[in-house]
Structures are given as C-alpha cells and as structure tokens.
Amino acid sequence: AQSVTQLDSQVPVFEEAPVELRCNYSSSVSVYLFWYVQYPNQGLQLLLKYLSGSTLVKGINGFEAEFNKSQTSFHLRKPSVHISDTAEYFCAVSDRGSSNTGKLIFGQGTTLQVKP
Amino acid sequence: DAGITQSPRYKITETGRQVTLMCHQTWSHSYMFWYRQDLGHGLRLIYYSAAADITDKGEVPDGYVVSRSKTENFPLTLESATRSQTSVYFCASIHSADRYTGELFFGEGSRLTVL
C-alpha cells in the first residue's frame, strides 16, 4: 500500500530565508508526486507535480521540488520565502498502475509559518 | 461562475442527527472525491465516484453515505452524526482523462461540528 510521510508538522522560518519541507513516500509501483498548498480557510491548490523526466520540478510562486527515487523523497524548497507563503502544504502520491482512479494519498501536512 | 462549490460552509449539529454536505461542479468532471481533513492526519479519502451512479469506498467510509444521480452533484450524508465526525470536509473533482496526472480541483471546504 502506498503512504506518504511529511517529516515536519510545523516549520517556522523568517521572511526571506530559505525553506525545505520534507516528504517521503512508499510505494511498490511507479508513482506520480504532487505538492498542494492550502491557504487559510481555502481549499487546496496545486503547487507542482512530478510525472517523469527531470527530477527537479518547478512550480508556482517560486517553489521547486526534487524527486529522489533512491531515497523515495520529494522535498519542497523555496530559496526565499514571503509572509504570503504562510500556509499548509501537503505532499501527495498517485499510483500509476494498481489503481484506475488516480486517487491521491495525502501526507499529514506541514504548516509553514513565515515570520517578519 | 464555473467551479466547484460546497454547501454549507459551516454547520453545527448534534450527535445522532442526519447531515448532508452538498458538492456541485460545473466542469462536467467525471471523477469526484470526498476527503476529510483532521489535524495530524492530513486528508483522508472517504468516498469517490468515477461517474454518475458509480461510487466506491475510500480509506474511511464508515458512517458516511454518498450518491451520484447527476454528474455535477456528489452529496455526502452522515446518517447519524458522531463527535468523531467533527472535521473539515473537502470535495474535489477531476476530468477522467487527467485523473493520473492532472490537478485535482478542490472546493473551499465544509466545516462540520458535531456536539
């Protein structure tokens, strides 16, 4: 069975500092990987996704993530955060083969708190 | 406006009452999902639907009922609400052709409190 683990429940960081949000997954089949962001009192929206090809994926708002197959990780990074990046971030996995629904399995979420 | 809308956005109810959360999308997406969001658990899939009249259980279906008589609507019913069902519920949808690689579109959520 697939699973996703986000290693940090909360990440406090000062404005303009770099940040990394960690995500590890387990799956016996090839997967697609996603990062979603949830701003306060809103639904989730897609930040970026890894399907195949280059392991470094760039998304919206200056975020990027690196797929590491050997370490089964998909960590999210941003070189310089803004106050507006304060939100909940979710890593998710969708299997390629064993399910015909493409349903996503989400991690527990990481709260990014950007301080002035 | 096009999109996915949930109602009510906020609901307080009592233990044992029946509650229905509504979800409506205007894209004609074939796939629709219900997730619940709880601290420490992230989002967990309750039920999903591949098309009208086709539904299936997700990770945490107990205590919930769904139906999908029309493509655009996917209501979630708690037949006898319990305190453990206090949560934020999210509906989501995606086009069938994009279901593996595309973006899942979420509603704004329905916050349910069961007293």
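So, here's what we can say about the structure.

About the thresholds
- Residues numbered from 1 in each chain as written.
- Chains lettered and ligands numbered in written order.
- Predicted model: local features only at pLDDT ≥ 70, side-chain atom pairs only at ≥ 80, totals over all residues.
- Heavy atoms only, no water.
- Disulfide = S-S within 2.5 Å.
- Helix = DSSP H or I, 4+ residues; strand = E, 2+ residues; numbered from the N terminus.
- Buried < 20%, exposed > 50% of the residue type's maximum accessible area, 1.4 Å probe, protein only.
- Contact = heavy atoms within 4.5 Å.
- Pairing = 2+ DSSP bridges.
- Buried area = accessible area lost by both parts, 1.4 Å probe.
- Salt bridge = Lys/Arg side-chain N within 4 Å of Asp/Glu carboxyl O.
- Polar contact = N/O pair within 3.5 Å; in protein donor to acceptor, adjacent residues only side chain to side chain.

## What about the state of the cysteines?
Okay, step 1: The full count for this structure, using the stated rule, is two disulfides over all chains.
Okay, step 2: Covalently, A:Cys23 is tied to A:Cys91 through a disulfide, its sulfur atoms 2.0 Å apart. Taking the sign of the S-S torsion, about -70° here, the bridge from A:Cys23 to A:Cys91 comes out left-handed. In this pair, A:Cys23 sits in strand β4 (residues 23–26) while A:Cys91 sits in strand β10 (residues 87–95), placing the two residues 68 residues apart along the sequence. Considered together, A:Cys23 and A:Cys91 belong to a single accessibility category, that of buried residues.
Okay, step 3: Here B:Cys23 is linked by a disulfide to B:Cys91, with a sulfur-sulfur distance of 1.9 Å. Taking the torsion about the sulfur-sulfur bond, which here is approximately -75°, the covalent link between B:Cys23 and B:Cys91 counts as left-handed. Residue B:Cys23 is located in strand β3 (residues 19–25), and its partner B:Cys91 is located in strand β9 (residues 87–94); the two are separated by 68 residues in the primary sequence.

## Some words on the environment of A:Val4
All names here are of chain A.
Okay, step 1: Along the chain, Val 4 turns up in strand β1 (residues 3–6).
Okay, step 2: We classify Val 4 as buried; its relative accessible area is 6%.
Okay, step 3: Taking C-alpha positions, Val 4 is 9.5 Å from Ser 73, a pair spaced 69 residues apart along the chain.
Okay, step 4: If we skip the residues at most four places from it in the chain, Val 4 touches Cys 23, Asn 24, Tyr 25, Cys 91, Ala 92, Val 93, Ile 105, Phe 106, Gly 107 and Gln 108.

## Section: the pairing of strand β6 (residues 54–57) of chain B
Residues in a regular strand project their side chains so that they alternate between the two faces of the sheet.
Residues and elements named next belong to chain B.
Okay, step 1: Judged from the four bridges that link them, strand β5 (residues 42–51) and β6 form a sheet pairing that is antiparallel. Its bridge partner lying in β6, Tyr 48 is registered against Asp 56.
Okay, step 2: Turn length for the β5-β6 hairpin, with the two strands adjacent in sequence and antiparallel, is two residues, and the turn residue Asp 53 shows positive phi of about 70°.

## Quick notes on the interface of chain B and chain A
Interfaces are often described in size by the accessible area the parts lose on coming together.
Okay, step 1: Each side of the interface is counted separately: chain B has 23 residues, and chain A has 24 residues.
Okay, step 2: Buried area between chain B and chain A, both sides added, is near 1900 Å², and the carbon and sulfur share of it is 56%.
Okay, step 3: Counting the contacts that link chain B with chain A gives zero salt bridges.
Okay, step 4: At the boundary of chain B and chain A, one finds four residue pairs in polar contact (both at pLDDT 80 or more).
Okay, step 5: Looking at the side of chain B that touches chain A, the elements with two or more residues in it are β4 (31–38) and β5 of chain B.

## Examining the side chain of B:His29
Residues and elements named next belong to chain B.
Okay, step 1: Mapped onto the fold, His 29 is located in the loop between β3 and β4.
Okay, step 2: The exposure class of His 29 is buried, given its relative accessible area of 7%.
Okay, step 3: Side-chain polar atoms of His 29 contact the backbone nitrogen of Ile 94, separated by 3.4 Å.
Okay, step 4: In this structure His 29 touches Arg 68, Thr 71, Ser 93, Ile 94, His 95 and Phe 105, once residues within four positions along its chain are discounted.

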